[in-house]
Amino acid sequence: MMKGIEDKSLDQLIEIVPESAYGANATMFSVALEGWKRGLKLKFFKKYIKNRVKIRYSLSNEEREIKFQLSLAEFVPKETRNITRSKKNTKDYLLKADIPTPQGRSFSGENEDDEIINYAKTLEYPLVIKPVSASLGIGVTTNIYDEETFSENLKHLRGNKGYKEIIVEQQVTGEDTRLFVVGDQVVSAFKRIAANVIGDGKHTIKELIELKNSNRKKTHMLAVLKLKLMLR
């Protein structure tokens, strides 16, 4: 934090968070807002990539300017980005580094569904199935406890959703912690808790979700991360 800058929520922004700041853009909105709050100069600009307009931004002071893509600073190596964009590549690098990783493997579009189903039979339930390249939990199905459920979700993911490249893994329980690294140091960490509500005997599930979203808006860092609970 810059000296002389008071860290306080900008309450006047709570009700005017743009819809375009939801989803993946939440990180861009949050980083840009935090830098601006601390007295840094914030600048948005356009960048043309393959004839498409991309929005980028920079934060600067009198000494330095750093450009960002979402939450990624410009000096994050391209190789690192390519690795982390693919769950397959990420898994391969974790295994090479002898980091404990759930048992499983990836499949390409050339693999038939029957081949994937037969592989799943070699693993212990519960299983997880997910796209190789999607993010934000899109396409991820957990708590698969039998072959029939696995087969249904596989066909839905590859057929209806169109994700041909997938990963099948054994499900591992535990705390989900995200680390933020600058250089070679971990500077912060947070624990991710799945979307949830607790019944109070008075409100419906829908009302509890609305109440929780309302309370989350009181914390400006969470204002762009609305709770979404899918009921089946």
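As the structure is a prediction and not an experimental result, all values here were calculated from the model.

Reading guide: rules and limits
- Residues numbered from 1 in each chain as written.
- Predicted model: local features only at pLDDT ≥ 70, side-chain atom pairs only at ≥ 80, totals over all residues.
- Heavy atoms only, no water.
- Helix = DSSP H or I, 4+ residues; strand = E, 2+ residues; numbered from the N terminus.
- Expected span 1.5 Å × (residues − 1).
- Buried < 20%, exposed > 50% of the residue type's maximum accessible area, 1.4 Å probe, protein only.
- Polar contact = N/O pair within 3.5 Å; in protein donor to acceptor, adjacent residues only side chain to side chain.
- 1 Å grid on protein atoms, 1.4 Å probe; cavity = no way out; pocket = protein on both sides within 12 Å on 5 of 7 lines; lining within 4 Å.
- Points joined across faces, edges and corners; volume = space filled by probe spheres on them.
- Nonpolar A, V, L, I, M, F, W, Y, C, P; charged D, E, K, R; others polar.
- pLDDT = per-residue confidence, 0-100.
- Contact = heavy atoms within 4.5 Å.
- Patch = residues over 30% accessible without salt bridge, like charges linked within 9 Å, V, L, I, M, F, W, Y side chains within 5 Å.
- Areas by Shrake-Rupley, 256 points an atom, 1.4 Å probe, with all protein chains shown as cover.
- Salt bridge = Lys/Arg side-chain N within 4 Å of Asp/Glu carboxyl O.
- Pairing = 2+ DSSP bridges.
- Axes fitted to C-alpha atoms, helices over the stretch in contact; angles between N-to-C directions.

Asker: How would you explain helix H5 (residues 147-160) if you had to name every residue and give the values?
Answerer: The terminal C-alpha atoms of H5 lie 19 Å apart, and with 14 residues this matches the ideal 20 Å at 1.5 Å per residue to within 8%. Restricting attention to buried positions, one finds in H5 the residues Phe150, Ser151, Asn153, Leu154, Leu157 and Arg158. Backbone nitrogen of Glu148 and a side-chain oxygen of the N-cap are separated by 3.2 Å at the start of H5; the cap is Asp146. Gly162, located one to two residues past H5, shows a positive phi value of around 80°.

Asker: Help me get a handle on the layout of surface pockets, residues and values and all.
Answerer: Counted as a void, the second largest pocket has a volume near 310 Å³. If you trace the second largest pocket, you find 13 residues lining it, with Lys47, Ile49, Arg56, Gln69 and Arg81 closest to the centre. Among the secondary structure elements, those contributing two or more residues to the lining of the second largest pocket are strand E1 (41-49), strand E3 (65-69) and helix H2 (78-85). Per-element tally for the lining of the second largest pocket: the top contributor is H2, with four residues. Grouping the constituent residues of the lining of the second largest pocket by class yields four nonpolar, two polar and seven charged.

Asker: Let's hear about the confidence of the model for the chain: which residues, and what values?
Answerer: Close reading of the predicted structure is inappropriate where its pLDDT is low. This prediction gives the chain a mean pLDDT of 83; 83% of its residues lie at or above 70. pLDDT under 50 marks residues 223-232. Its contacts with residues more than four places away, or in other chains, come to 28 contacts.

Asker: I'd like a description of a nonpolar patch on the surface, backed by residues and values.
Answerer: Together, Phe44, Tyr48, Val53 and Ile55 make up an exposed nonpolar region whose accessible area comes to about 430 Å². Those elements that provide at least two residues to the nonpolar patch are E1 and strand E2 (52-60). By the element assignment, Phe44 lies in strand E1.

Asker: Give a description of the sheet that holds strand E5 (residues 104-107) that names residues and reports values.
Answerer: Read from one edge of the open sheet, four strands run E5-E8-E6-E7, paired in antiparallel fashion. Bordering the open sheet on either side are E5 and strand E7 (141-144), each of which pairs with just one other strand. Here the average twist between neighbouring strands, direction ignored, is 15°. Pairing geometry for strand E6 (residues 127-131) and E7, over two bridges, is antiparallel. Bridge pairing in E7 links Ile129 to Thr141. Running at roughly 5° to E6, H5 makes contact with E6, E7 and strand E8 (166-170) of the sheet.

Asker: Would you mind going over the pairing of strand E10 (residues 185-192) in detail, with residue names and values included?
Answerer: Relative to E10, strand E9 (residues 176-182) runs antiparallel, the two being bridged by seven bridges. Each residue of the ladder has a partner; that of Arg178, found in E10, is Phe190. Counted between consecutive antiparallel strands, the loop separating E9 from E10 contains two residues, among which Gly183 sits at a positive phi close to 70°.

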